[in-house]
Amino acid sequence: MYRKKLMRACITAILAASVAATSAPVTLAADANAASVAEQNTADESSQETVSMKIQFIDGNGDVVAGGDYFVPAGVQNYSVLAQYVPEGYKITESGDFFAEQGGKLEVNVWLYVTMNIQFKCGEEVIAGGDYEVPAGWQKFSELEQYLPEGYQFKEDGGFFGSDGQKLVIDVEKIQKDVTMNIQFKDGDEVVAGGDYTVPEGVQNYSVLEQYVPEGYEMTVSGDFNAEDGGKLEVSIKKIQKDVIMNIVFKDSEGNNVGGGDYFLPEGVQNYSILEKYVPEGYQMTASGDFMVTEGESLDVTVEKIQKDVTMNIQFKDGDEVVAGGDYTVPEGVQNYSVLEQYVPEGYEMTVSGDFNAEDGGKLEVSIKKIQEDVRMNIVFKCGDEVIAGGDYMVPAGVQNYSVLESLVPEGYQMTVSGDFYAEEGGKLEINIEKIQKDVIMNIQFKDGDEVVAGGDYFVPEGVQNYSVLEQYVPEGYEMTVSGDFMAVENGDLTVPVQKINKEVIMNIQFKDGDEVVAGGDYMVPRGVQNYSVLEKYVPEGYEMTVSGDFMAEEGAHLDVSVAKKSKVVIMNIVFKDGDVIVGGGDYFVPKGVQNYSVLEQYVPVGYKMTVSGDFMAEEGGKLEVSVEKVEKDVIMNIRFMDGDEFIAGGDYFVPEGVNNYSVLEQYVPEGYKMTVSGDFMATEGGKLDVNVEKINKEVIMNIRFMEGDKFIAGGDYFVPEGVNNYSILEQYVPEGYKMTVSGDFMA
């Protein structure tokens, strides 16, 4: 309903001026219909039999735009016979036939058509145009297919608003024609492949030939070529370099492993320079020349630390007071504050930890504090007014928490004071303390009804206690039926109600293999909800239960338990493969028959996990290949997200060990930023990594109307960057043949 009202409002508003003049003709059109009816009466009386029908013409909004009693030929008629009665400016949207009979009723769907001036442009060239009848209101370009110049197609999908007297420019493009060319793919002087190929006619990019490049090769040419029927073309290609996996270990001069892993490298003789990107950060290779890259081989590469020192201006501050400072030499790059220990003023210690970035000419403020000094104080520990202990004690100077005195509190007592106190040489302090909870002996009887099932003298904490403190003394096989608190006093008496836990009941149980009863009878089982595992001892020999979970055990109840004969164990040869690489295998014992892959978990090589699930058939002497993959191990790396030289965020993050794509770091990228780096990096325990990021330019949708005075020229919903923008970013949306007369900024 809303859409109908909106369409009606749009058409009414936009066509108001032009339709105002048409209202009279519409009325005249109705009079003409009446006259036509009269003429039809006369004509029909002398020729074909006619009938009078009540006909309503309804537009796309469900509104009646005209109607009345009309004479039409009797019988089956095509809707076209009603064209003479259709209101001016409308067309019938119905097709097919209807049955005309005296006094009949008929609703006919119509749509308002308007005349628009439409130009079809290919680039700057007007291909066709003129005044065309189109449906009023919002329409798809497909409504204009009948007017589209031959050999052309719409450049893009879209729509327009059908409005009388309006102009519309639509971009079109030629329909692409294919031609046949003779193409040779040459590696140097050698023709690798060639023949007649179908390509789009005209200037084309070499990328259209990708589908024809021989397998294992790639083009070495780019740009454009002219495609014409019967043309010839030579295309330069080269073999695609095959990458293989090789294990590279980076070792320092002392033979220590400082990094490495399995890397993809170009097969064949390669220069050590191709390993530069894998060298651990802070190191450089000492090896040079060439080496042979072979699938599955290992290579040790010697490296050494790159150590460059820079000068930084560092101030050591105790609060707001600068205690010391100056220009100091420190190693370049991300460093731990511990490298500054040598420069910390005597008698002080740093209060900051973690890392900082050392760069030449940089500045750094380092928080420090005086190293704690002990002082002698006279401390008295009092329980009420009674002095329990005291004397001179060494305590840390300055404001301290009472917890530093815990070791001095007399045995059997605890402090009743908390918070801070000030410690100074020769100071005095009184500390309130209290006795720690005392245990008392009580005579306790545990009774099941009137029967005493256990009892005696027991130690319990003095005072008001919860019955739960007696759990340790409850007789085995019993549980308390009382809760809440009781008063514990020396030599007191207490009776505690208890009841037996889980009384056993007799159940009739049948063990069935399918429909066959293989054993059964009356069995003792614990009362209440029980797990089927309590029945293991009753399962017939040579069988095992095939049911799990819980059942309700109650006196005299019956239970059917599904069992099956125990599986026979067979020996199978199983190979565990990671891709094409065998990582383990051998002859293993497995249960015979259809088994789930989970029974093989015990045999999977350490560090791997199966990538296959479901079932397999286990049979004596059978063979099976099982796909596995390495279990990914996470390591901690220190990662900094940098926007140019600006530090945005960073810290220690968990990442999978080994070669990783930067995409694994997406979860850690600061909100509102995106990475500007791609490819792979090496993740090693304790490694460091700088990741370049930039702010995300978020786009929003705005409704923009381009107006010439009060005249609406064009508009719609457009994507623009969020926030304050210059009007120049709207240039791309300005209607052709127009320019903006506004400048400055606006808020998107």
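Residues numbered from 1 in each chain as written. Predicted model: local features only at pLDDT ≥ 70, side-chain atom pairs only at ≥ 80, totals over all residues. Heavy atoms only, no water.

## Re the sheet that holds strand β25 (residues 321-331)
In space, the four strands of this open sheet follow the order β25-β24-β29-β27, with mixed pairing throughout. Each having just a single partner strand, β25 and β27 (348-350) make up the two edges of the open sheet. Adjacent strand axes in the sheet meet at a mean angle of 35 degrees, parallel and antiparallel pairs treated alike. As paired elements, strand β24 (residues 309-318) and strand β29 (residues 363-370) share five bridges and run parallel to each other. Pairing of F316 across the sheet is with V366, part of β29. (Pairing = 2+ DSSP bridges. Helix = DSSP H or I, 4+ residues; strand = E, 2+ residues; numbered from the N terminus. Axes fitted to C-alpha atoms, helices over the stretch in contact; angles between N-to-C directions.)

## Notes on unusual backbone geometry
With phi around 65 degrees, N491 is a residue other than glycine that occupies positive phi space. Following the sequence through the fold, N491 ends up in the loop between β40 (485-488) and β41 (493-500).

## Structural notes on the packing of aromatic side chains
Enumeration according to the criterion identifies 33 aromatic pairs in this entry. Their ring planes at 75 degrees and their centres at 6.2 Å tell us that F706 and Y718 sit as a pair that is edge-to-face. In this pair, F706 sits in strand β60 (residues 699-708) while Y718 sits in strand β61 (residues 711-721), placing the two residues twelve residues apart along the sequence. For the residue pair F706 and Y718, the accessibility class agrees, reading buried in each case. One aromatic cluster is present, formed by F57, Y70 and Y85 through successive ring pairs. The ring of Y113 has K91 lying over it, and the distance from NZ or CZ to the ring centre is 4.6 Å. (Phe/Tyr/Trp six-rings, centres within 6.5 Å; stacked < 30°, edge-to-face > 60°. Buried < 20%, exposed > 50% of the residue type's maximum accessible area, 1.4 Å probe, protein only. Lys NZ or Arg CZ within 6 Å of the ring centre and 35° of its normal.)

## Describing a nonpolar patch on the surface
On the surface, a cluster of nonpolar side chains totalling about 270 Å² of accessible area is made up of V464, M487 and V489. The topology assignment puts V464 in strand β38 (residues 463-466). (Patch = residues over 30% accessible without salt bridge, like charges linked within 9 Å, V, L, I, M, F, W, Y side chains within 5 Å. Areas by Shrake-Rupley, 256 points an atom, 1.4 Å probe, with all protein chains shown as cover. Salt bridge = Lys/Arg side-chain N within 4 Å of Asp/Glu carboxyl O.)

## Some words on the sheet that holds strand β30 (residues 374-383)
Overall, mixed pairing links the four strands, which are arranged β31-β30-β35-β33 in an open sheet. Because the sheet does not close on itself, it has two edges, and the strands there are β31 (386-396) and β33 (413-415). Averaged over neighbouring strand pairs, the angle between their axes works out to 35 degrees when direction is ignored. Here three bridges tie β33 to strand β35 (residues 428-435), and the two strands are oriented antiparallel to one another. Paired with Q414 across the strands is E434, a residue of β35.

## Observations regarding the confidence of the model for the protein
On average, the protein scores 88 in pLDDT, and the residues at 70 or more come to 94%. pLDDT under 50 marks residues 1-46. Its contacts with residues more than four places away, or in other chains, come to 39 contacts. (pLDDT = per-residue confidence, 0-100. Contact = heavy atoms within 4.5 Å.)

## Remarks on the pattern of salt bridges
Enumeration according to the criterion identifies 16 salt bridges in this entry. When the shortest N-O distance is used, the salt bridge between K308 and E332 registers 3.7 Å. One end of the pair, K308, is in the loop between β23 (298-305) and β24; the other, E332, is in the loop between β25 and β26 (333-336), and 24 residues separate them in sequence. On the accessibility criterion, K308 (49% relative accessible area) is partly exposed. Relative accessible area serves as the criterion here: at 37%, E332 is assigned to the partly exposed category. Put simply, R640 and D690 hold a salt bridge, and the shortest N to O gap is 2.9 Å. Here D690 lies in strand β59 (residues 688-695) and R640 lies in strand β54 (residues 634-643), a separation of 50 residues in the sequence. Looking at R640, the relative accessible area reads 11%, which means it is buried.

## Looking at the layout of surface pockets
Computed from the structure, the largest pocket encloses a volume of approximately 2,000 Å³. Contributing to the lining of the largest pocket are 41 residues, with L168, F712, I713, A714 and G715 lying nearest its centre. For the lining of the largest pocket, the secondary structure elements donating two or more residues are α1 (2-14), β6 (105-122), β10 (159-162), β11 (167-174), β60 and β61. Among the elements that make up the lining of the largest pocket, the one with the highest residue count is β61 (nine residues). Classifying every residue of the lining of the largest pocket gives 20 nonpolar, eleven polar and ten charged. (1 Å grid on protein atoms, 1.4 Å probe; cavity = no way out; pocket = protein on both sides within 12 Å on 5 of 7 lines; lining within 4 Å. Points joined across faces, edges and corners; volume = space filled by probe spheres on them. Nonpolar A, V, L, I, M, F, W, Y, C, P; charged D, E, K, R; others polar.)

## With respect to the pairing of strand β55 (residues 646-656)
Where β54 and β55 come together, ten bridges link them in antiparallel fashion. If you follow V635 over to β55, its bridge partner there is V655. Where β54 hands over to β55, the hairpin turn is made up of two residues, of which G644 adopts a positive phi near 70 degrees.

## With respect to the side chain of Q77
Note on placement: Q77 falls in strand β3 (residues 75-78). Residue Q77 is classed as buried on the basis of its relative accessible area, which comes to 12%. Polar contacts involving the side chain of Q77 include one to the main-chain carbonyl oxygen of A74, which spans 2.9 Å. Here Q77 is in contact with Q48, G96, D97, F98 and A100, once residues within four sequence places are set aside. (Polar contact = N/O pair within 3.5 Å; in protein donor to acceptor, adjacent residues only side chain to side chain.)

## Section: empty space enclosed by the protein
Enumeration over the complete set of coordinates arrives at one cavity of 30 Å³ or more. In this structure, the largest cavity occupies an estimated 30 Å³ of space. In terms of lining, the largest cavity is formed by E281, V334, N638, R640, K688, L689 and D690. At the level of secondary structure, the elements contributing two or more residues to the lining of the largest cavity comprise β54 and β59. The element that contributes the greatest number of residues to the lining of the largest cavity is β59, accounting for three residues.

## Things to note about the side chain of Q465
Its place among the elements puts Q465 in strand β38. Once residues within four sequence positions are removed from consideration, Q465 is found in contact with Q437, G484, D485, F486 and A488.

## Comments concerning the pairing of strand β7 (residues 125-135)
In this structure, β6 lies alongside β7, joined through ten bridges in antiparallel fashion. Paired with C122 across the bridge in β7 is E125. Hairpin geometry of β6 and β7 is characterised by an intervening segment of two residues between the two adjacent antiparallel strands and by a positive phi of about 70 degrees at G123.

## What to know about the environment of K623
Inspection of the secondary structure puts K623 in strand β53 (residues 623-630). Accessibility expressed as a relative area gives 72% for K623, which makes it exposed. K623 sits 118 residues away from T741 along the chain, and the two C-alpha atoms are 80 Å apart. Each residue touching K623, except ones within four places of it in the same chain, is listed here: M572 and N573.

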